[in-house]
Each structure stands twice: as C-alpha cells, then as structure tokens.
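One letter stands for each residue in the lines below.
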Amino acid sequence: MTLSLDFFRSSIGKKIIMAITGFIWFGFVIVHMVGNLQVFQGPEKLNTYAKFLKDLGPLLWVARIGLIVAFFGHVCTAILLKVENTKARPVSYAKGSTIQASVASRTMAYSGLLLLTFLVYHLAHFTLGFTNPDHYTHEYILKNGDVVHDVYAMVILGFQDPVIAGSYILFMVFLALHFSHALGSMFQTLGILAPKHNPTIQKLSTGLGLIIFLGNCSMPISILLGYVR
C-alpha cells in the first residue's frame, strides 16, 4: 500500500493519473459530440437519443460521477505537477525553447482553466437550465407517444443567440488545442509507443483535435446561420 501511494505521489505517478483521466474525458467528448451531431437529423432523432440517456437511470449517474472524479483528479494533478515544476525550476530560462513547444503545449494551463469555466457554464446552460430557463421548458411528443423534454428546441434556441454560439465556438478552439497536445503527451507518458513514433502521434493528436473542433462548431454555426432550425 505504501509503495503504491509513493508511486502515485511521484512525478511519473501523477503524469499517469493525468494521462488516464485525460483519456476518459477525451472518450466522453467524442461520444458526446457524436450524440449531439444528431441535431442535424431533426428533433425526433435527438430527443429519442436524449430519452435513451435519461432512461439509463442509475447507470447514467455512475457515468456522471466517474466523469466528475476523473475531471477533478485531472485538474488537481495538473496543479500539483505545475507547482512541482515551478519549485524545481524557480528561475525561467533566459531564452525559451520553441522548437518542441507548440502553441497547444504552451497554453495547456490556460486552456485547462478556460475549459473548467466552460464546463460549469455548459452544465448550467444545457443540463440544469439555470442560465436560460426559457430554453429548458419545452416538451416534445415522440412518434411512440412519449412526452419528453425537448432537447432539440433547447439547442436551437441556445445557439440562435450569437453571444452563446460565439462563446461555444471560442471554447472549442481551446478544447481542440488542449486535446491536440494532451493526446500526444498521454501516449508518451504511458510508453505505449516508441519515441520514434512521436511525430506520427502528434499528427494524429492534431488531427483528432481538429475533428473535435469542426464537429462541435458545426452545430452552433449551422444553427446561427439558419441551416438548422
């Protein structure tokens, strides 16, 4: 037990926690995006999907709790690593190295904090209905006769507001930047592939970050422009 605690208190142990919790959230972001893209298939499809998730009951809450634990584990570990790195090198280099440091890697801390802000707002907006309660009161009758919360209307009404749509698009920029670096770091930390594969891993990470950006931004842009109503 002591050996295990010492390992996870070490720098490499914290990095492994960062990698695992980050991977959990990356998987969630992909699944969440694919599910939300059903907005392009109309209210019946998206609302049926939303009802399916709600009908999971306890399983949905297990997943939510797991995501919350992973999220705070990721954030807390990131802060601890940042503090350790600062203590290890209290004086900055006279000349920063930009050969290996991409924009994404240099902005990881900032994008992480912005994503925390975004997550709180996203939950308040679409999950809890705190920020725009008028978007949260609509109902929809499915083809089978079930009356459900109209998630489709909530999404449409939300993204018809240029401020909300623009904010989401901006946050997606930081999400894509965060993932484009984090995925490459995850593979390196876990030692899944040899160092010679690092350039390929980084290209893959950048590509996945771009897919996340385009997929998530396609919804507010299409709604804002009136292509999806």
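Here the structure is a predicted model, which means the values were calculated and not measured.

1. Examining the overall build of the protein
Counting its regular elements, the protein contains nine helices and two strands. Its helices and strands in sequence order give the protein the pattern α-α-α-α-α-α-β-β-α-α-α, from N to C terminus. By residue count, 31% of the 229 residues in the protein fall in the buried class. Partitioning the contacts of the protein with sequence separation of at least 6, the portion at a separation of at least 24 is 72%. For the protein, the exposed surface amounts to about 14,200 Å²; the carbon and sulfur share of it is 71%.

2. Observations regarding the nonpolar core
Nonpolar side chains in soluble globular proteins tend to end up buried together. Ranked by internal contacts, the top residues of the largest apolar core, which has 29 residues, are Val-39, Val-155, Phe-159 and Leu-175. When contributions to this core are tallied by element, the ones reaching two or more residues are α2 (11-36), α3 (43-54), α6 (108-127), α7 (151-159), α8 (162-190) and α9 (198-224). Excluding its chain neighbours within four sequence positions, the residues that come into contact with Val-155 are Val-39, Leu-46, Phe-126 and Ile-223.

3. Things to note about the packing of aromatic side chains
A ring pair, where both rings are aromatic, is described by two values, the distance of the centres and the angle of the planes. Scanning the entire structure with this criterion turns up 10 aromatic pairs. Geometrically, the ring pair formed by Phe-26 and Phe-179 is edge-to-face, given 5.3 Å between the ring centres and 75° between the ring planes. Of this pair, Phe-26 sits in helix α2 while Phe-179 is found in helix α8, placing the two residues 153 residues apart along the sequence. With a relative accessible area of 11%, Phe-26 lands in the buried category. Under the relative-accessibility criterion, Phe-179 is labelled buried at 6%.

4. Here's the deal with the side chain of Thr-21
One can find Thr-21 in helix α2. Setting aside residues up to four positions removed in sequence, Thr-21 forms contacts with Ala-70 and His-74.

5. Description of the environment of Thr-48
Inspection of the secondary structure puts Thr-48 in helix α3. Overall, Thr-48 belongs to the partly exposed group, its relative accessible area being 37%. Along the sequence, Thr-48 and Val-148 sit 100 residues apart, while their C-alpha atoms lie 8.5 Å from each other.

6. Some points on the environment of Val-39
Structurally, the position occupied by Val-39 is in the loop between α2 and α3. With 114 residues separating them along the chain, Val-39 and Ala-153 place their C-alpha atoms 9.7 Å apart. Not counting the four nearest positions on each side in its chain, Val-39 is found in contact with Leu-46, Tyr-152, Val-155, Ile-156, Met-219 and Val-228.

7. Considerations on α7
Across the nine residues of α7, eight count as buried, placing the element largely inside the fold. Those residues of α7 not exposed but buried are Val-151, Tyr-152, Ala-153, Met-154, Val-155, Ile-156, Gly-158 and Phe-159. Measuring from the backbone nitrogen of Tyr-152 back to the side-chain oxygen at the start of α7 gives 3.3 Å, which picks out Asp-150 as the cap.

8. Quick look at α9
The terminal C-alpha atoms of α9 lie 39 Å apart, and with 27 residues this matches the ideal 39 Å at 1.5 Å per residue to within 8%. Taken as a whole, α9 carries its principal kink of about 30° at Ser-218; the proline Pro-220 stands between one and four residues after it. Those residues of α9 that fall on the buried side of the exposure criterion are Ile-201, Ser-205, Gly-209, Ile-212, Gly-215, Asn-216, Cys-217, Met-219, Pro-220, Ser-222 and Ile-223. Count one or two residues on from α9 and you reach Gly-226, which has phi positive near 85°.

How each quantity is defined
Residues numbered from 1 in each chain as written. Predicted model: local features only at pLDDT ≥ 70, side-chain atom pairs only at ≥ 80, totals over all residues. Heavy atoms only, no water. Helix = DSSP H or I, 4+ residues; strand = E, 2+ residues; numbered from the N terminus. Buried < 20%, exposed > 50% of the residue type's maximum accessible area, 1.4 Å probe, protein only. Contact = heavy atoms within 4.5 Å. Areas by Shrake-Rupley, 256 points an atom, 1.4 Å probe, with all protein chains shown as cover. Core = buried A, V, L, I, M, F, W, Y, C linked by side-chain atoms within 4.5 Å. Phe/Tyr/Trp six-rings, centres within 6.5 Å; stacked < 30°, edge-to-face > 60°. Polar contact = N/O pair within 3.5 Å; in protein donor to acceptor, adjacent residues only side chain to side chain. Expected span 1.5 Å × (residues − 1). Bend = angle between axes of the 7 residues up to and from the residue.

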